[in-house]
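Here is what each chain is made of, one letter per residue.
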Amino acid sequence: MIPWDKVAEWPDLSHFAIVTFILAVAYFGTLVSATNLLLKISKYLSKWQTQWIFYLGVVVHLIVRTVTWSIFCWVLMTQEENWQAFMLILMSLPEFIFLSTYLLLLFHWLEVYIFSKEQFLFATKRSFHKQWQRVFAGSHIAFYTGLVAFYAIFLTSAIEKESVIRYIEALSILEAVANFALPVAHIFVWMHFGIRLAGFSYSSENAKKNVESMNGIIILWSAGRLAKGTMLIVQNFMSFKKALSPVAYSMLMVIALLLTEFLPFIFALDYGIIGALIGEEAYRLSPNSANRRTHPQM
């Protein structure tokens, strides 16, 4: 996200150092809230349950982002130049973790959507869950094994700074493609099952409300991914960024992160949204649980 090919032309890096410090503090604060929520959820959900893994993914992403912005802040303040090879990992790994968490959310939405209807297309929720879980786990094991191997080869090779920037741009293109592909795939899946399940009614009013809440979560996260993909395309291919000053680029970077990461995370940490994700157990976590209506477990 930081235009390292332009940073060398900006003698005053104080704006970037301040912005990265603020981002590190903001991500750390969000991390504390998310970790606290994950610990509470762990009391009511078994580990490795879909919803627990989702919030674990949020926490892991926030940890990596906090570390990343802390390192960037230190580098910009000290103007250290012997760390360029690590830029590739620091800038790409958080994005891939976010995309994994988003994909898990999409699978969970699909399961909730299908089994909220009185349908006979799928025999049991348990068998459907195992099917998509195997697909998710297998694809991620293969992807992250390849990614770790790529990082290892990259770090052990003698690569110049210019080559590092080219590799970062190449991975940015891959991230942009993924950020567009997943929301678009979700739209087609939504249309497909919407047509197939059109004649089936909801199993209950609460099931309908849960689906509506899940739709809101998915729309927000998908909009963030499309915005992030657009930003990556603009950053790598549009020429107007060359005319931006450090202050303007810093403001643009903060706005982009607010829209594409902070907003989806804050939304996911809301107790009402948690209720749609994990069911009635969420209302035990809320400070106002005594005044909340209990919903049945999905």
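Quantities reported herein were computed from a predicted structural model and do not represent experimental measurements. (Residues numbered from 1 in each chain as written. Predicted model: local features only at pLDDT ≥ 70, side-chain atom pairs only at ≥ 80, totals over all residues. Heavy atoms only, no water.)

**So, the environment of Ala17**
At step 1: If you trace the backbone, Ala17 turns up in helix α2 (residues 14-41).
At step 2: For Ala17 and Thr78, which are 61 residues apart along the polypeptide, the C-alpha to C-alpha distance reads 9.7 Å.
At step 3: Not counting chain neighbours up to four residues away, the residues in contact with Ala17 comprise Cys73, Leu76 and Met77. (Helix = DSSP H or I, 4+ residues; strand = E, 2+ residues; numbered from the N terminus. Contact = heavy atoms within 4.5 Å.)

**Topic: the packing of helix α3 (residues 50-78) against helix α4 (residues 87-114)**
At step 1: Direction vectors running N to C along α3 and α4 enclose 165 degrees, while the axes themselves pass 9 Å from each other. Viewed along their axes, α3 and α4 adopt a mutual orientation that is roughly antiparallel. Our pair here, α3 against α4, has a crossing hand that is left-handed.
At step 2: Taken together, the residues of the contact of α3 with α4 sort by class into 14 nonpolar, seven polar and two charged. (Axes fitted to C-alpha atoms, helices over the stretch in contact; angles between N-to-C directions. Parallel < 35°, antiparallel > 145°, perpendicular 65-115°, else oblique. Left-handed = near helix turned anticlockwise from the far one by under 90°. Nonpolar A, V, L, I, M, F, W, Y, C, P; charged D, E, K, R; others polar.)

**So, the nonpolar core**
At step 1: With 68 residues, the main nonpolar core has Phe54, Tyr55 and Trp221 as its most contacted residues.
At step 2: Breaking this core down by element, the ones donating at least two residues are α2, α3, α4, α5 (125-155), α6 (161-196), α7 (205-237), α8 (246-268) and α9 (271-278).
At step 3: Counting residues per element, this core draws most heavily on α4, at 19 residues.
At step 4: In contact with Phe54, not counting residues within four places along its chain, are Thr101, Leu104, Leu105, Trp221, Ala268 and Leu277. (Core = buried A, V, L, I, M, F, W, Y, C linked by side-chain atoms within 4.5 Å. Buried < 20%, exposed > 50% of the residue type's maximum accessible area, 1.4 Å probe, protein only.)

**Here's the deal with a nonpolar patch on the surface**
At step 1: On the surface, a cluster of nonpolar side chains totalling about 460 Å² of accessible area is made up of Val184, Ile187, Phe188, Met191 and Leu226.
At step 2: With four residues, the top contributor of residues to the nonpolar patch is α6.
At step 3: Within the secondary structure layout, Met191 lies in helix α6. (Patch = residues over 30% accessible without salt bridge, like charges linked within 9 Å, V, L, I, M, F, W, Y side chains within 5 Å. Areas by Shrake-Rupley, 256 points an atom, 1.4 Å probe, with all protein chains shown as cover. Salt bridge = Lys/Arg side-chain N within 4 Å of Asp/Glu carboxyl O.)

**Here's the deal with the side chain of Ser100**
At step 1: Looking at the element boundaries, Ser100 is found in helix α4.
At step 2: Owing to a relative accessible area of 13%, Ser100 belongs among the buried residues under this scheme.
At step 3: A polar side-chain atom of Ser100 sits 3.0 Å from a polar atom in the side chain of His140. (Polar contact = N/O pair within 3.5 Å; in protein donor to acceptor, adjacent residues only side chain to side chain.)

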